[in-house]
Structures are given as structure tokens and as C-alpha cells.
Amino acid sequence: MAASGAIGTFRLPPLPTIREIIKLFKLQAAKQLSQNFLLDLRLTDKIVRKAGSLTDAYVYEVGPGPGGITRSILNAGIAELLVVEKDSRFLPGLQMLSDAAPGKLRIVHGDVLTFKVERAFPESLKRQWEDDPPNVHIIGNLPFNVSTPLIIKWLENVSQREGPFAYGRTQMTLTFQKEVAERLAANTGSKQRSRLSVMAQYLCRVQHVFTIPGRAFVPKPEVDVGVVHFTPLTQPKIEQPFKLVEKVVQHVFQFRRKYCHRGLGMLFPEAQRLERTGRLLQWADVDPTLRPCQLSVSHFKSLCDVYRRMCDEDPHLFAYNFREELKKNKRAGQEREADRESHSL
Ligand code: SAM
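Starting from 1, residues in each chain are numbered consecutively following that chain's sequence as written. With pLDDT at 70 or above as the cut-off, local features in this predicted model cover only qualifying residues; side-chain atom pairs require 80 or more to be listed or tallied, and sums for whole chains, interfaces and linings still use all residues. Hydrogens and water molecules were not included; the side-chain quantities draw on all heavy atoms of the structure.

Some points on the domain arrangement of the chain
Then, in step 1: Delimitation of the domains relies on an automatic or database domain assignment. Under the domain assignment used here, the chain contains domain 1 (18–232) and domain 2 (242–328).
Then, in step 2: We call two residues contacting when some pair of their heavy atoms lies within 4.5 Å. Counting residues at the interface gives 16 residues for domain 1 and 14 residues for domain 2.
Then, in step 3: Counting each side, the surface lost to burial between domain 1 and domain 2 is near 1300 Å², with a carbon and sulfur contribution of 69%.
Then, in step 4: Contact with domain 2 buries surface across domain 1, with Arg-193, Arg-195 and Met-199 losing the most and accounting together for 39% of the total.
Then, in step 5: We define a salt bridge as a contact between a side-chain nitrogen of Lys or Arg and a carboxyl oxygen of Asp or Glu at a distance within 4 Å. Along the contact surface separating domain 1 from domain 2 lie one salt bridge.
Then, in step 6: A salt bridge links Glu-156 to Lys-243; the shortest N-O distance between them is 3.4 Å.
Then, in step 7: Residues adjacent in sequence count toward polar contacts only when both atoms are side-chain atoms; beyond that, a polar contact is any pair of N or O atoms within 3.5 Å, and within protein one must be able to donate a hydrogen and the other to accept it. Summed over the shared surface of domain 1 and domain 2, the number is five residue pairs in polar contact (both at pLDDT 80 or more).
Then, in step 8: Breaking the side of domain 1 that touches domain 2 down by element, the ones donating at least two residues are helix H5 (144–160) and helix H7 (195–201).
Then, in step 9: Residue classes follow a fixed rule: Ala, Val, Leu, Ile, Met, Phe, Trp, Tyr, Cys and Pro count as nonpolar, while Asp, Glu, Lys and Arg count as charged, and any other residue, Gly among them, counts as polar. Per-class residue counts for the side of domain 1 that touches domain 2 are six nonpolar, six polar and four charged. Once two parts are put together, the accessible area they lose, assessed with a 1.4 Å probe and summed over both, is termed the buried area. Strands are runs of DSSP state E lasting at least 2 residues, helices are runs of H or I lasting at least 4, and numbering of each runs from the N terminus.

Structure follows, in C-alpha cells:
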């Protein structure tokens, strides 16, 4: 009953429709900012229901725009809603909602990529990591070019229990381009399995809860949209630093159609590549001929644990970057070539 609210809880009074708000405040979507608005309040209610019970919750909405999802959250029995919006054109419309919901809506004109939500809600909401999730939720329909970097940043925050996760295992309900939503939730062996699947699933329970057809947005985007719910796990499935896991996962998936040993090999300098890749795979007990999409999170755990041991034994290894070695070799080759030419003159 989250979005429709229980009897006796707050409900917004009658207000102009979102379409009327857009007209009233001349809020044409800015194409360069990838703004696509949801006007159908049944859909925004559905997104908010997927966040779970919001009774007495503190909610952080990212990118409220004309306020469709904002209205659904305000009707869900929450204690307080904090919205962060970058585009100042939306502030008067949001202020109208704030006036209609006294004491419930806090509006910040700012950027979600830098906003520090860990200072925004009462300390008393904090829970131990192992406890049930705190009554703090993140909800948002952001442009796709913001939602992907933001989820990577938040996954790193999950691993360090900081940012929005300073409150505990804060749940998130966010929209993504449908293909990205599918990748985030993809199981081992599926075609959509990717870097994002492993990075999200080693830290969170990830559910692609439903898909919104592109035609539900104004203006209509080129693609459909997936709504994804994340609950951080009490125990991450890989217990190594985020940057180390990211490096291993990125290397594996850079040659996604090849056997996994191909990408893993690039973790090591050329001179020892064959021998050290063999050792990594053997110690991790991973079949070198598995394709990247066939590797489970537990395969990645073994690979990361062994790679960590190898990095501890060789302090230069983690900083090694095969692209820099390639560039250096290319430059050396060009210099040798130039030398040969000058001698033959
Ligand atoms: N949530 C509204 C809806 O569903 O109709 C608007 C969705 S629109 C796709 C994305 C919104 O995020 C826009 O209002 C845009 O101005 C805002 N936005 C984009 N980048 C942002 C950022 N970095 N920080 C805060 N808001 C941002």
C-alpha cells in the first residue's frame, strides 16, 4: 500500500496535473539534458510501490523534474522527502508541491553526483550494517548518462559503507535504459552478463522489477526503461577493495567473446604474462576456457582473492597498465625505426 497510503496518512490536496505544471512553468524537456518525463501517476505510483513500504521513511529523490514520482512518494506515508534537482526551471513547480505538503518536502537545487546525502537525514536513522535496512530510501528517474556513473559511484559507496550507506543498507529504486537494467540483473551464462552485473551483484541483491515502455515518457526516448531495485547485502560476495574487483572484472570483460584467460592475461606485464595468468587461473581453480559471461560471482571471488595475493607479493603489479606498456613498446619501435632510417642516409 506504499504509494496509495494507509487510511489516516497524509495525501496531497487536488493539484494541477503534471501536464498542466509543465505548461504553466514552460518546462519543455531539454533534449541535451536527456529529460523524459513521466506524466502517468499510476506508473509513478508503481515505481514507488516497488521501493517497498515507505511508512515514516526518509526518502532521497534524485532528479524530480516536474514532480510525478515526487507526488507518489509524498502520498506514500513518508516522514520526509528530500529532492535534489539540477535544473532551476523545475524549482517553482516543486515549491508548489512543498506548499501542498507542509514540512514534508525539502528541495535542494544541486547535483546528485556531488550532493552529500549522508549529512541530510537525522543520525538516529543509522542502523548497523548487519541489521535490517534503515528507513532511508533512494528513488529516481535520472537521465541515462547520469544514472550509470551514479550507480557505479554508489556501488563503491556500498563497499565502503559511506555516502548514502552511512545509514546502513539503504535501498535504491532507480531507472535505467532497459538494456542496462537487464545487464545489472543478468545471471551467469546469460547474453546480457557484463561488468555491471558482477559489480552490482557482488554487493547487492539486484532485481529488475519491471519495464516501462518508452511511449510512457514525454518526450518519448528511443528505448524502453527498466526499473531496478537494489538492497545491499549484509556480507559482500567478494571481500576485496572495490578498485581491485573493478580492475579484475573490467579486464575479464574487455574481450567478452574470447576465453577468460585472454582478458585476465592483460593484468600482467608481457614478459611474465603466460606464466602468471596460468598461475592465477590454477590457484583460483577457474577453467581458462570459460567465456566472461560464464563466470559466476564466486569465480570472480576466487580470481580477486588470488590476484590480491599476487599484488601483495609484487607491489608494482596493481599499478601495471597494459595500455601504457603497449604505448611504450610502440614508441620504442618508432624510435628504433627512426634510428635505422637516419643511419641509412
Ligand atoms: N523524475 C522526473 C520524471 O520521472 O518525470 C524527471 C525525469 S528526467 C529523465 C531527469 C531529471 O533529472 C531532470 O529533471 C533533470 O533536470 C534532472 N537531472 C539531470 N541530471 C541531474 C543531476 N546531475 N543532478 C540532479 N538532477 C539532475
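Here's the deal with the packing of aromatic side chains
Then, in step 1: Stacked, tilted and edge-to-face pairs are distinguished by plane angle, under 30 degrees for stacked and over 60 for edge-to-face with tilted covering the rest, among Phe, Tyr and Trp rings (Trp via its six-membered ring) whose centres lie within 6.5 Å. For the structure on display, the rule yields nine aromatic pairs.
Then, in step 2: Between Phe-176 and Phe-230, the ring centres sit 6.1 Å apart and the planes meet at 70°, which makes this aromatic pair edge-to-face. A residue pair is termed long-range when its members are at least 10 positions apart, and Phe-176 in strand E6 (residues 171–177) and Phe-230 in strand E9 (residues 225–232) qualify at 54 residues.
Then, in step 3: By relative accessible area, which is 0% here, Phe-176 ends up buried.
Then, in step 4: Members of the aromatic cluster, connected to one another through ring pairs, are Tyr-58, Phe-121 and Tyr-167.
Then, in step 5: Arg-89 extends its terminal NZ or CZ atom over the ring of Phe-90, reaching a point 5.3 Å from the ring centre.
Then, in step 6: The criterion for a charge sitting over a ring is simple: Lys NZ or Arg CZ within 6 Å of the ring centre, and within 35 degrees of the ring normal. In this structure, Lys-247 is placed above the aromatic ring of Phe-318, and the distance from its NZ or CZ to the ring centre is 4.9 Å. A simple rule labels every residue: compare its accessible area, found with a 1.4 Å probe on the protein chains alone, to the largest value its type can have, and call it buried under 20%, exposed over 50%, or partly exposed in between.

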